[in-house]
Amino acid sequence: QVQLVESGGGLVQPGGSLRLSCAASGSIFSINAMGWYRRAPGNQRESVATITSGGSTNYADSVKGRFTISRDNAKNTVYLQMNSLKPEDTAVYYCFGWSGGTRYWGQGTQVTVSS
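These lines cover the structure that appears in this document, whether it is placed above or below. (Residues numbered from 1 in each chain as written. Predicted model: local features only at pLDDT ≥ 70, side-chain atom pairs only at ≥ 80, totals over all residues. Heavy atoms only, no water.)

Considering the packing of aromatic side chains
The geometry of two aromatic rings is summed up by the distance between their centres and the angle between their planes.
1) Next: Applying the stated criterion across every chain, the model contains 3 aromatic pairs.
2) Next: Aromatic side chains Tyr37 and Phe96 sit 5.6 Å apart centroid to centroid with 65° between the ring planes, which places their arrangement in the edge-to-face category. One end of the pair, Tyr37, is in strand 4 (residues 34-39); the other, Phe96, is in strand 9 (residues 91-99), with 59 residues separating them in the sequence. Of the two residues examined, Tyr37 and Phe96, each falls in the buried class. (Phe/Tyr/Trp six-rings, centres within 6.5 Å; stacked < 30°, edge-to-face > 60°. Helix = DSSP H or I, 4+ residues; strand = E, 2+ residues; numbered from the N terminus. Buried < 20%, exposed > 50% of the residue type's maximum accessible area, 1.4 Å probe, protein only.)

Section: the pairing of strand 8 (residues 77-82)
1) Next: Among the 6 residues that make up strand 8, 5 are buried, leaving the element largely enclosed by the rest of the structure.
2) Next: Of the strand pairs in this sheet, strand 3 (residues 18-26) and strand 8 are connected by 6 bridges, and their pairing is antiparallel. Looking at strand 8, one finds that Ala23 is bridged to Thr77.
3) Next: Sheet topology note: the strand 7 (residues 67-72)/strand 8 ladder contains 6 bridges and is antiparallel. Counted as the bridge partner of Arg71 is Val78 from strand 8.
4) Next: Adjacent in sequence and paired antiparallel, strand 7 and strand 8 are bridged by 4 residues, among which Asn76 carries a positive phi angle near 50°. (Pairing = 2+ DSSP bridges.)

Below is the structure:
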């Protein structure tokens, strides 16, 4: 089993920044791709950003230029730096990681962008 624990969510004003972290632990053979999804109330789950073990990244069009995903392979941790936040970024953010052919999920962290 692999456990993913997120941190860093909270309340921020429009235009502000937050940094999410997600640390993987447990029976890790190797963590391949890691990334973030989000789900806003009444909306479907949306892929936000993904990063491979080699560092290649992919972003949703809605966050390009504002969000940056990175990872520390030695710590099995993925980060999401979120800048210029907008009210429409409000959602529960879930990290994921692929290991041994299985995708594992974190419990989610709430991000609220509001004045």
